[in-house]
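What follows is the residue order along each chain.
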Amino acid sequence: MKKFFLHQMWGRGPRVQRMGDIVHIASQRVFRRDSSERESIREFLAVMLAGQTYGVELTRIREILSPPPLTTVPRAPQHVMGVCSVRGQLITVIDLRSRLRLQQAPFTRKTRILLTENAGEIVGLYVDEVRQVLRLTDSEIELATGVFGNDVSEHVIGIGRPPGYVLVLLDLTSIVPR
Amino acid sequence: MTDPSDKAKEDFFSEAQEIIETLSRNLLALDELHRKKGVDPALINEAFRAVHTLKGLSSLFGATMIGALSHHLEDVLDDLRLGRIPLDDLILDVLFKAVEGFGRALALERDSTQDRTPSFIEGLVAQIRKVAAAPGPQVDTSNEYDIDAGLLAVLTEYEEHRLRTNIQAGLRLYKLRVRFDLVTIDKGLEEIKDRVKKIGEIITYLPTGETSSIDSIELDLLVASTRELDALVLELGNVDLIVEEVPRRQRRPSPERVEPRPIESSQHADGTHPASLVPVQPVAGALVDNTTSLRSVSQTVRVDIRKLDHLMNIVGELAIVRGTLARLADRLRSEGQRQSATDLLRLHRNFDRRLAEMQEGILEVRMVPLGQVFERLGRVVRQISRDLGKEIRLVITGSETEIDKLIVEELSDPLMHMIRNAIDHGIESAERRLSVGKPTMGTIALNAFQKGNHVMLEIEDDGRGIDAQGVLRKAVQLGKIGAEEAKDLSRSDMLGLIFLPGVSTREEANDVSGRGVGMDVVKTNISKLGGVIDVHSEDGIGTKMTITLPITLAIVSALLIRVADHTFAIPLSSVSEAIGFDDAGLRVVDGREVMTLRGTTLPIARLDALLSLARSSPTPRRQYAVVAALGVRRLGLVVDQLVGQQDIVIKSLGKTLDSVRGFSGATELGDQHVGLVIDAGAIIEEVLSASDVGARAARATYG
């Protein structure tokens, strides 16, 4: 029993030192009491994928991590990058780039994993970089079905156009396979 | 899960399950007594109470099937306990069927939302009504009471019945006045009950209402006993109580024992309340007291096992904190703050120890005694032996042996199957047993014990044994093994063939077993739990199946291996050995690589090719074959390096990876890395599968 315990000592490694990076976004959220009087506002996390800016709905993201060591899973679907352990929980990491048919690039210092919950399972999403939280009003969201062709458009809610930005808003539910 | 009504419903199901198990236990005890021509009214009463509670619960939760069943069953049990109908084989049969019915109904109510009452419930209800309606020998109800009317007024119908029965049997009546400490009343009552049980019966408990202190309560126990007053006092021992014999045919209580009673507590529902022998409170109150005290005797909590898993994960998080503590201590030391560093290290060590204890504690909570399964098996044995007309004695040892809750759940089906086989195939008919000089009653032994980190389970019968040659013939006939191969098999190899699909020891199938679909399923289920099953059998003497199971599913011993820069874990339960070899020892037979291992042919599979792993460096010349075994099928998995043995915690892969075959999960390897756990059974299945189509399908993934 003791022996087993030693193997749980992943607390010593470098990843944990970086755990401070974890941003608990929920605590950063600003709730506006008077939002009903104005236009409704949706918050998106701006992330970079293959040089483009994408937006994912903030409410769907539980946590942002620096990538822990990934273990590739032989025979897994191509868009599965591998599995990793986050505080004792096994998490499958999906490559958003491969899912969106974008070009792949090696890990950098800015690479992050977004944790999202899908049908009761927590899934990690690979992104090249996390930029910032954007608050979009309805008028800043352009529903753009068909812009990217049939294949990709099912993953896209629309285009966000806040001042100074153009970002593709992703629908996580359809991206993460059931 | 979070919906409160769901949770309540879940609670209902587990409570109902518990009640049904209690009921089943009572019935088994009754059945045993009945065979010895005895009867214990307390058992019947307990069964009645159980069903009554179930009825109430099920109507509360709209479980109509269980409600209908318990409603009718309650009537029968009520008639039984009031002596309106005698207990006989027929009724016992119906009662046992009802317990089975409850089990099925419970599963149905849980899984589906169907409103229609299934036909089996209706059939059961009809049977129950039939026995209830059957006129038993008429009990004389016009009997003249020897007892004070005031006392009778407070007795329930059942208590009155017991009182009358005891008086008719010529027993003496006593009144025991006992004072209980409120804190320990549960224990005190149980103790008195135990003592009285040996020499008589407690008919009722009535609070005296005369409590001098607020921490204690006085009860009057009406007891029927065969003993004289002096003998009774002696028998009851040094319990603090006043015993008094209740004289017969008396109109009023003995003067010195008249208790001045507050008026309000002696008011009875009918308002006509004569001077009473014992202080009276509403009887229902007395009964409730009794049941609540019984209930609080068990100090157990039901916990969803997922909550324990959650706790385990928290322990994992605490391990991070511990790591941080150690690093902090190192830093302080390097900065020259030696004293603080030492203090912190001490703290760290302390924390470490407690954390380990906590983890052990959580693992311990997952453990449940095997008795839970064994009880259900007792019922199965009874049922099957009656169906087949065989007399069977079931001997159980080690039911207190503890094992992981998840394992217990998965164990009951395989065990049930093996018991069926033992009774049906193993135990001979009574005539045959007599002719070979065995007692007519067959014996099945169910033994459990702990052996190191494993729990051993043995199912043993004293029947005819397995016909090894017959099994072999069948296996050859089915094309499971070649005729050539068959010649070399040892007796134990032959016996091992019963675990192949389709192989049966019997020519004709019947309702109970013998379709030949059983033992391979048993084997698969056991291996899923990380267990192994062995069979020993001797002609004419009997068969013994031995199951070796890990104590917990939470921790598994595994062999760590490396191949093409990947580290994998293979549970040791599916590894028989690992051997080094080089390519020179290999041959190709029928397009498949094989090697010779101690004179037998071992097919091998290269793990790197099988899992399409890319190699950055050339394949090493010397490799290892890890011999994995599933039943009689063996396969050598070729790996680059044996890393060592490690106890691992297997976590299942998420739903996203459902389609991936060949892995049973993943585990943390200690260096923050995750290693995949190889599902040896699936790999063997895949590689050795006769149909290539199936193998290809198993390998196919999407994406």
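Counting restarts for each chain: residues are numbered from 1 in the order of the written sequence. The naming scheme follows written order: chains are lettered A onward, ligands numbered 1 onward. Restriction of local features to residues with pLDDT of at least 70 applies here, the model being predicted, together with a cutoff of 80 or more for giving and counting side-chain atom pairs; totals for whole chains, interfaces and linings are based on all residues. To get the side-chain values, take all heavy atoms of the structure and skip hydrogens and water.

Participant: Talk me through the overall build of chain A; I want residue IDs and the actual numbers.
Facilitator: Elements are defined by DSSP. Helices are runs of H or I of four residues or more, strands are runs of E of two residues or more, and each kind is numbered from the N terminus. Secondary structure assignment for chain A yields 6 helices and 11 strands. Looking at the 178 residues of chain A, the share that counts as buried comes to 53%. By definition, residues are in contact when any of their heavy atoms lie within 4.5 Å. Sequence-distant contacts, at least 24 apart, represent 58% of the contacts inside chain A between residues at least 6 apart. Throughout this description, buried means an accessible area under 20% of the type-specific maximum (1.4 Å probe, protein chains only), exposed means over 50%, and partly exposed covers the range between.

Participant: Break down the sheet that holds strand β2 (residues 200-207) of chain B for me, citing the residues and quoting the values.
Facilitator: All names here are of chain B. A sheet is described by the order of its strands in space; here 4 strands give the open sequence β2-β3-β1-β4, paired in antiparallel fashion. Looking at the sheet topology across the chains shown, the edges are occupied by β2 and β4 (241-245). Averaged over all neighbouring strand pairs, the angle between strand axes comes to 25 degrees, with direction disregarded. For strand β1 (residues 172-181) and β4, the ladder comprises 5 bridges, and the chain directions are antiparallel. When the bridges of β4 are listed, Tyr 174 appears paired with Glu 245. What counts as an axis is a line fitted to C-alpha atoms, over the stretch in contact for a helix, and the angles between N-to-C directions run from 0 to 180 degrees. Packed onto the sheet, helix α8 (residues 185-199) meets β1, β2, β3 (216-225) and β4 and runs at close to 145 degrees relative to β2. In this description, strands pair whenever DSSP reports at least two bridges between them.

Participant: Let's hear about helix α16 (residues 468-477) of chain B: which residues, and what values?
Facilitator: Spacing of three or four residues puts side chains on the same side of an α-helix, whose turn is 3.6 residues. Residues and elements named next belong to chain B. Burial in α16 covers these residues: Ala 468, Gly 470, Val 471, Leu 472, Lys 474 and Ala 475. Considering only its buried residues, α16 is in contact with α17 (483-487) and α18 (491-496). Immediately beyond the C-terminal end of α16, within one or two residues, lies Gly 479, with a positive phi of roughly 75 degrees.

Participant: Describe in detail the pattern of salt bridges, supporting the description with residues and values.
Facilitator: Opposite charge on two side chains permits pairing when their charged atoms draw close. Residues and elements named next belong to chain B. The rule for a salt bridge is simple: a side-chain nitrogen of Lys or Arg has to be within 4 Å of a carboxyl oxygen of Asp or Glu. What the rule picks out here adds up to 31 salt bridges over all chains. Ionic pairing is found between Arg 615 and Asp 608, a salt bridge with its closest N-O pair at 2.9 Å. Judged by relative accessible area, which is 24%, Arg 615 ranks as partly exposed. With a relative accessible area of 13%, Asp 608 lands in the buried category. Each member of the salt-bridge network shares a partner with another, and the members are Asp 31, Arg 35, Asp 93, Arg 382 and Arg 386.

Participant: Which residues make up the sheet that holds strand β6 (residues 112-118) of chain A, and what are the values?
Facilitator: All names here are of chain A. Strand order in the open sheet formed by 5 strands is β3-β6-β7-β5-β4, with mixed pairing between adjacent strands. Unpaired on one side and paired on the other, β3 (61-65) and β4 (80-86) mark the two borders of the sheet. The mean inter-strand angle of the sheet, taken between neighbouring strand axes irrespective of direction, is 30 degrees. Bridge count for β4 against strand β5 (residues 89-95) is 6 bridges, and the pairing is antiparallel. From the neighbouring strand, Val 83 faces β5, where its bridge partner is Thr 92.

Participant: Break down the packing of helix α13 (residues 371-388) of chain B against helix α14 (residues 405-426) of chain B for me, with residues and values.
Facilitator: Residues and elements named next belong to chain B. Between α13 and α14, whose axes approach to 10 Å, the crossing angle comes to 20 degrees. In terms of orientation, α13 lies roughly parallel with respect to α14. As for the relative orientation of α13 and α14, their crossing is right-handed in sense. Note on element contacts: α14 touches α13 through Lys 405, Val 408, Ser 412, Leu 415, Met 416, Ile 419, Arg 420, Ile 423 and Asp 424, opposite Gln 372, Val 373, Phe 374, Arg 376, Leu 377, Val 380, Val 381, Ile 384 and Leu 388. To sort the angles, those under 35 degrees are grouped as roughly parallel, those over 145 as roughly antiparallel, those from 65 to 115 as roughly perpendicular, and the leftovers as oblique. Left-handed describes a crossing whose near helix is turned anticlockwise from the far helix through less than a right angle; right-handed describes the clockwise counterpart.

Participant: Describe in detail the packing of aromatic side chains, supporting the description with residues and values.
Facilitator: Residue and element names in this part refer to chain B. Under the pairing criterion, centres of Phe, Tyr and Trp rings, with the six-membered ring standing for Trp, must be within 6.5 Å; the plane angle then separates stacked pairs below 30 degrees from edge-to-face pairs above 60, leaving the rest tilted. Enumeration over the complete set of coordinates arrives at 1 aromatic pair over all chains. Centroid distance Phe 568 to Phe 663: 6.1 Å. Interplanar angle 15 degrees. Geometry classified as stacked. In this pair, Phe 568 sits in strand β13 (residues 566-571) while Phe 663 sits in strand β21 (residues 663-668), placing the two residues 95 residues apart along the sequence. Since its relative accessible area comes to 1%, Phe 568 is described here as buried. The residue whose ring lies beneath Lys 523 is Phe 499, and the NZ or CZ to ring-centre distance is 4.9 Å. Geometrically, a charge over a ring is one whose NZ (Lys) or CZ (Arg) sits within 6 Å of the ring centre while staying within 35 degrees of the ring normal.

Participant: Which residues make up the pairing of strand β8 (residues 442-451) of chain B, and what values go with them?
Facilitator: All names here are of chain B. For β8, a buried count of 7 out of 10 residues is recorded, marking the element as mostly surrounded by other parts of the structure. By the bridge criterion, 6 bridges tie strand β6 (residues 392-397) to β8 in an arrangement that is parallel. Bridging from a neighbouring strand, Arg 393 pairs with Thr 443 of β8. Bridge count between β8 and strand β9 (residues 454-461): 8 bridges; the pairing is antiparallel. When the bridges of β9 are listed, Phe 449 appears paired with Met 456.

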